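Architecture and fold: a report
Given next are the chains, with one letter for each unit.
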Amino acid sequence: MSQHDAVEVIIAKREGGSLSDSQIDWVIDAYTRGEVADEQMSSLAMAILLNGMERREIARWTAAMIASGERMDFSTLSRPTADKHSTGGVGDKITLPLAPLVAACGVAVPQLSGRGLGHTGGTLDKLEAIPGWRAALSNEEMFAQLESVGAVICAAGDGLAPADKKLYALRDVTGTVEAIPLIASSIMSKKIAEGTGSLVLDVKVGTGAFMKDLAKARELAEVMVDLGKDAGVHTVALLTDMSTPLGLTAGNGIEVAESVEVLAGGGPADVVELTLALAREMLAGAGRSDVDPAEKLADGSAMDAWKAMIHAQGGDPDASLPKARESHVVTAPSSGVLTRLDAMAVGLAAWRLGAGRARKEDPVQAGAGVVWHARPGDRVVEGSPLFTLLTDEPARFDRALASLEGGYDIEADAASYEPQALVIDRVS
Ligand code: URA
C-alpha cells in the first residue's frame with residue numbers, strides 16, 4: 001500500500017492547503033515512476049498554479065525533483081565553477097559569448113542548455129548551426145572538456161531531474177507553465193543537479209519574456225535565489241529588460257555570427273553590456289572578482305576559448321555559417337526615431353520564418369531569422385532597410401510580416417523618448 005494517493009494530494013492543494021513533505025516526496029517519485037498518471041499530475045499542476053505554494057513546499061518540491069535523478073559533482077575540478085541561466089528571451093544569445101569569456105577568466109562553466117520552444121530561441125539550436133558541432137556529451141566528456149577548455153555548452157542528459165523533464169512537457173500542453181513555484185523548481189532542480197558552485201540567473205521582464213511585469217519577475221527571482229542558497233549554491237539574479245529584443249538578430253546562425261562579433265571585441269552595445277554584467281556576477285560568485293572580463297574580450301583570450309570550446313565538440317569555428325535561401329527587406333515607412341521595437345513581435349516573426357519550432361520534434365532552419373537594422377533610440381530614414389527577414393521557404397514571409405505589424409513605432413518628434421535600462425535590478 002502506498003503512503004498516499006494522488007487524489008488525496010490533488011484535493012489538498014485544490015482546497016488551498018499546503019502539501020506535507022511526505023506528500024511531495026511521494027507524488028514526485030510516483031509520477032516519475034508512472035504510478036501517478038499524467039491527468040492526475042496535470043490536475044495537481046493546475047491546483048498549484050491557482051493556489052500557489054509556500055516556500056517550504058517549493059523547496060521540498062525542488063529537492064524531490066533533484067532526487068528523481070543523478071546529481072553531478074564538479075568539486076574535484078582544478079577551478080571553481082559558475083553557470084548562468086536565462087528565463088528566456090528574444091535574441092538572447094548571451095550564453096554563447098559568456099561561457100568562453102568566463103572560462104578565459106579562469107572559472108569553469110558547465111552549461112546544460114535546452115532547445116527552443118515557441119518564440120524564444122534555444123542555445124543548442126543556435127550552436128547546431130555550426131557545421132559539425134554536437135550537443136550530446138557523456139558526463140566524462142563534459143568533465144574532461146571543463147578541465148581542458150573551461151567551458152561546455154551541451155544538452156542535459158536524461159539522468160538529470162527526469163521528474164522535471166516529464167512535468168515540463170506536461171505543463172507545456174496543459175496551460176500550467178506560468179506557475180511561479182513550478183517555474184522556479186523546474187529551473188533550479190536542473191541547475192542544482194548540474195553541480196555548479198555558483199549561479200547567476202538572468203530573469204527577463206517584458207513583452208518577450210515569460211514574466212511580463214516586474215513584480216512577478218522579482219518574485220520569481222527571489223524564490224529561485226532562495227532555493228539556490230538553501231542548496232548551498234551561491235546564487236544571485238539580475239532582472240533584465242526583455243521588452244526589446246537583444247542585439248540586432250534573432251535566429252540561429254545569425255545569432256552565432258553576432259556572438260562571434262562580441263568575442264572579436266565588437267558587436268551590439270547591449271549584448272556586450274549584458275555579457276559583461278553577467279560575467280562579473282559569475283566571477284564574483286566564484287571568488288574571482290579580481291579578473292576584468294572586458295580585458296579578456298579585448299585581448300582575444302575569450303575568442304580563443306570559444307574556438308577551443310566549439311572545436312572540442314566537433315565543430316569548425318572557422319567554417320561559414322549556413323545562409324537562408326531567401327530574404328525579404330522591410331523598409332522604414334517614415335523618417336524619425338525608432339522609439340519601440342517589440343520583443344514578442346520580433347520573436348514571433350523569427351519563429352514563423354523557421355528559426356523556432358511549434359512542436360518538440362520539429363526541425364529548425366539554421367539560416368532563418370530576423371535582422372533589425374535599428375534599435376530603439378536610433379534615427380531611421382524613410383525607405384531605408386528596417387528589417388531583413390531570412391528563411392529557406394518564401395511561403396513563410398507573409399505570416400512573419402504580419403507578426404511585425406504594430407511591433408514598432410517611429411516618431412518624428414521623439415522628445416519624450418526615454419531609453420529603457422537593460423539591467424533593471426539585482427536580487428541576492
Ligand atoms: N525553463 C525551465 O526550465 N522550466 C520552466 O518551467 C520554465 C522555463
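Residues numbered from 1 in each chain as written. Predicted model: local features only at pLDDT ≥ 70, side-chain atom pairs only at ≥ 80, totals over all residues. Heavy atoms only, no water.

Under an unreviewed UniProt entry, the protein has the name Thymidine phosphorylase and belongs to Nocardioides psychrotolerans. Under the UniProt heading Subunit (unreviewed entry), the entry covering the protein gives this text: "Homodimer." Quoted verbatim from the Sequence similarities (unreviewed entry) field of UniProt, the annotation for the protein is "Belongs to the thymidine/pyrimidine-nucleoside phosphorylase family." (UniProt positions renumbered as here; feature names shortened; annotations may be inferred.)

1. Thoughts on the overall build of the protein
A count of helical and extended segments in the protein gives 16 helices and 13 strands. In summary, the protein has a C-alpha radius of gyration of 22 Å against a globular reference of 22 Å for 428 residues, a match within 12%. Based on the C-alpha atoms only, the size of the protein along its principal axes is roughly 70 × 45 × 40 Å. Taken over 428 residues, the protein has a buried fraction of 54%. When contacts within the protein are restricted to residue pairs at least 6 apart in sequence, those whose partners lie at least 24 apart make up 79%. By element, 51% of the accessible surface of the protein is carried by carbon and sulfur atoms, the whole surface being about 16,900 Å². One way to put it: in the protein the 39 positive side-chain charges average out to a point 1 Å from where the 60 negative ones average out. (Helix = DSSP H or I, 4+ residues; strand = E, 2+ residues; numbered from the N terminus. Rg over C-alpha atoms; globule rule 2.2 N^0.38 Å. Buried < 20%, exposed > 50% of the residue type's maximum accessible area, 1.4 Å probe, protein only. Contact = heavy atoms within 4.5 Å. Areas by Shrake-Rupley, 256 points an atom, 1.4 Å probe, with all protein chains shown as cover. Lys, Arg positive; Asp, Glu negative; His and termini not counted. Charge placed at Lys NZ, Arg CZ, Asp CG, Glu CD.)

2. A word on the sheet that holds strand β10 (residues 379-380)
Note on sheets: strands pair through backbone hydrogen bonds, and any given pair is parallel or antiparallel. Taken in spatial order, the three strands make up an open sheet running β10-β8-β12, and their pairing is antiparallel. Single-partner strands in this sheet number two, and they are β10 and β12 (408-411). Taken together, the two bridges between strand β8 (residues 336-341) and β10 define a ladder with antiparallel strand orientation. By the bridge assignment for β10, V337 is matched with R379. (Pairing = 2+ DSSP bridges.)

3. Description of helix α3 (residues 38-51)
Spanning 14 residues, α3 covers 20 Å between terminal C-alpha atoms, matching the ideal 20 Å at 1.5 Å per step. For α3, the secondary structure elements touched by its buried residues are α1 (6-14), α2 (21-33), α4 (55-67), α8 (162-172) and α9 (180-193). Positive phi shows up at G52, right after α3, with a value of about 75°. (Expected span 1.5 Å × (residues − 1).)

4. Some remarks on helix α5 (residues 95-104)
Of all ten residues in α5, nine are buried; the element is thus mostly enclosed. The complete set of buried residues in α5 reads T95, L96, P97, L98, A99, P100, L101, V102 and A103. Of the residues trailing α5, G106 is marked for its positive phi of about 95°.

5. Structural notes on the domain arrangement of the protein
Each domain of the protein was delimited in the assignment, giving domain 1 (6-52), domain 2 (82-312) and domain 3 (326-416). Summarising the inter-unit geometry, the C-alpha centres of domain 1 and domain 3 are found 42 Å apart. (Domains from an automatic or database assignment.)

6. A word on the packing of aromatic side chains
Applying the stated rule across the entire model yields two aromatic pairs. Between K166 and the ring centre of Y31, over which it is positioned, the NZ or CZ distance is 4.4 Å. For K190, the ring lying beneath its charged end belongs to Y168, and the centroid distance is 5.6 Å. (Phe/Tyr/Trp six-rings, centres within 6.5 Å; stacked < 30°, edge-to-face > 60°. Lys NZ or Arg CZ within 6 Å of the ring centre and 35° of its normal.)

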